[in-house]
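Listed below are the residues making up each chain.
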Amino acid sequence: MSLNTPRFTKRNESFVCKNCGFEVPQSSSTCRDHCPKCLYSLHVDENPGDRLAECGGILKPIGYESHPKKNYMILYVCEKCGEKRTTRFLEIDKIMPDSFDNLLKLTPKF
Ligand SMILES: [Zn+2]
Ligand SMILES: [Zn+2]
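This one's a predicted model, so the numbers in the text were calculated from it and none came from an experiment.

1. Some words on the overall build of the protein chain
Right, on to step 1. Looking only at helices and strands, the protein chain features one helix and seven strands.
Right, on to step 2. When each of the 110 residues of the protein chain is scored for burial, the buried share is 35%.
Right, on to step 3. When the accessible surface of the protein chain is summed, it comes to about 7,100 Å², and 51% of that surface belongs to carbon and sulfur atoms.

2. Quick look at the coordination of the zinc ion (ligand 1)
Right, on to step 1. Note on the zinc ion (ligand 1): its protein donors are Cys17 (SG), Cys20 (SG), Cys35 (SG) and Cys38 (SG). The metal-donor distances range over 2.2 to 2.3 Å.
Right, on to step 2. In this structure, the zinc ion (ligand 1) is surrounded by four donor atoms whose angles at the metal cover 104 to 116°, and the resulting shape is tetrahedral.
Right, on to step 3. Summarised as a motif, the one-chain spacing of the donors to the zinc ion (ligand 1) is C-x2-C-x14-C-x2-C. One end of the pair, Cys20, is in the loop between strand 1 (15-16) and strand 2 (23-24); the other, Cys35, is in the loop between strand 2 and strand 3 (41-42), with 15 residues separating them in the sequence.
Right, on to step 4. Taking relative accessible area as the criterion, Cys20 reaches 39% and is therefore assigned partly exposed.

3. Remarks on the coordination of the zinc ion (ligand 2)
Right, on to step 1. Taken together, His43 (ND1), Cys55 (SG), Cys78 (SG) and Cys81 (SG) make up the protein donors of the zinc ion (ligand 2), found 1.9 to 2.3 Å from the metal.
Right, on to step 2. Coordination at the zinc ion (ligand 2) is tetrahedral, judged from the four donor atoms that bind it and the angles of 104 to 118° they form at the metal.
Right, on to step 3. Positions of the donor residues of the zinc ion (ligand 2) along the chain correspond to the pattern H-x11-C-x22-C-x2-C.
Right, on to step 4. Overall, Cys78 belongs to the buried group, its relative accessible area being 4%.

4. Quick word on the confidence of the model for the protein chain
Right, on to step 1. For the protein chain, the average pLDDT comes to 87, and 88% of its residues sit at 70 or higher.
Right, on to step 2. The secondary structure element of the protein chain with the lowest average pLDDT is strand 1, at 88, and the one with the highest is helix 1 (residues 100-104), at 96.

5. Structural notes on the pattern of salt bridges
Right, on to step 1. Going through the model one piece at a time under the given rule, you end up with three salt bridges.
Right, on to step 2. A salt bridge links Asp98 to Arg32; the shortest N-O distance between them is 3.0 Å. Residue Asp98 is found in the loop between strand 6 (84-88) and helix 1, and its partner Arg32 is found in the loop between strand 2 and strand 3; the two are separated by 66 residues along the sequence. In terms of burial, Asp98 and Arg32 fall into one category: buried.

6. Brief notes about the environment of Tyr76
Right, on to step 1. Within the secondary structure, Tyr76 is located in strand 5 (residues 71-78).
Right, on to step 2. The class for Tyr76 is buried, based on a relative accessible area of 0%.
Right, on to step 3. Once the C-alpha coordinates of Tyr76 and Leu59 are considered, the two residues, 17 residues apart in sequence, prove to be 5.7 Å apart.
Right, on to step 4. Aside from chain neighbours lying at most four places away, what touches Tyr76 is His34, Leu39, Tyr40, Ser41, Leu59, Lys60, Pro61, Ile62, Glu83, Lys84, Arg85 and Thr87.
Right, on to step 5. There is a polar contact of 2.5 Å between the side chain of Tyr76 and the backbone oxygen of Leu39.

About the cut-offs
Residues numbered from 1 in each chain as written. Chains lettered and ligands numbered in written order. Predicted model: local features only at pLDDT ≥ 70, side-chain atom pairs only at ≥ 80, totals over all residues. Heavy atoms only, no water. Helix = DSSP H or I, 4+ residues; strand = E, 2+ residues; numbered from the N terminus. Buried < 20%, exposed > 50% of the residue type's maximum accessible area, 1.4 Å probe, protein only. Areas by Shrake-Rupley, 256 points an atom, 1.4 Å probe, with all protein chains shown as cover. Donors = N, O, S within 2.8 Å, 3.2 Å for Na, K, Ca; no water. Tetrahedral: all angles 85-135°; square planar, octahedral: opposite > 155°, others 65-115°. pLDDT = per-residue confidence, 0-100. Salt bridge = Lys/Arg side-chain N within 4 Å of Asp/Glu carboxyl O. Contact = heavy atoms within 4.5 Å. Polar contact = N/O pair within 3.5 Å; in protein donor to acceptor, adjacent residues only side chain to side chain.

As structure tokens, then:
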């Protein structure tokens, strides 16, 4: 039995946030790749969860946009290489949802 290589690798593990030091718990539903408190993430994936990016820089949340189907997306820029990316804001999670207050502190982009 062979499966095609998925573009989305489920990688759900706890980690310590490089920005605020918070011990980020796993998500109850999806792949946790950013801090629920300060929303910072790390540039470690080419595609979500694959851990193929060699950069390893800190992804700084710079803005957000509301998406008709996926609710809110967080916009990031990598502090090391300048790459831009977006991640889905985790609004609902049994363990710890993302901080909506901190999302709203970012610049909205519509
Ligand atoms: Zn944090
Ligand atoms: Zn980078």
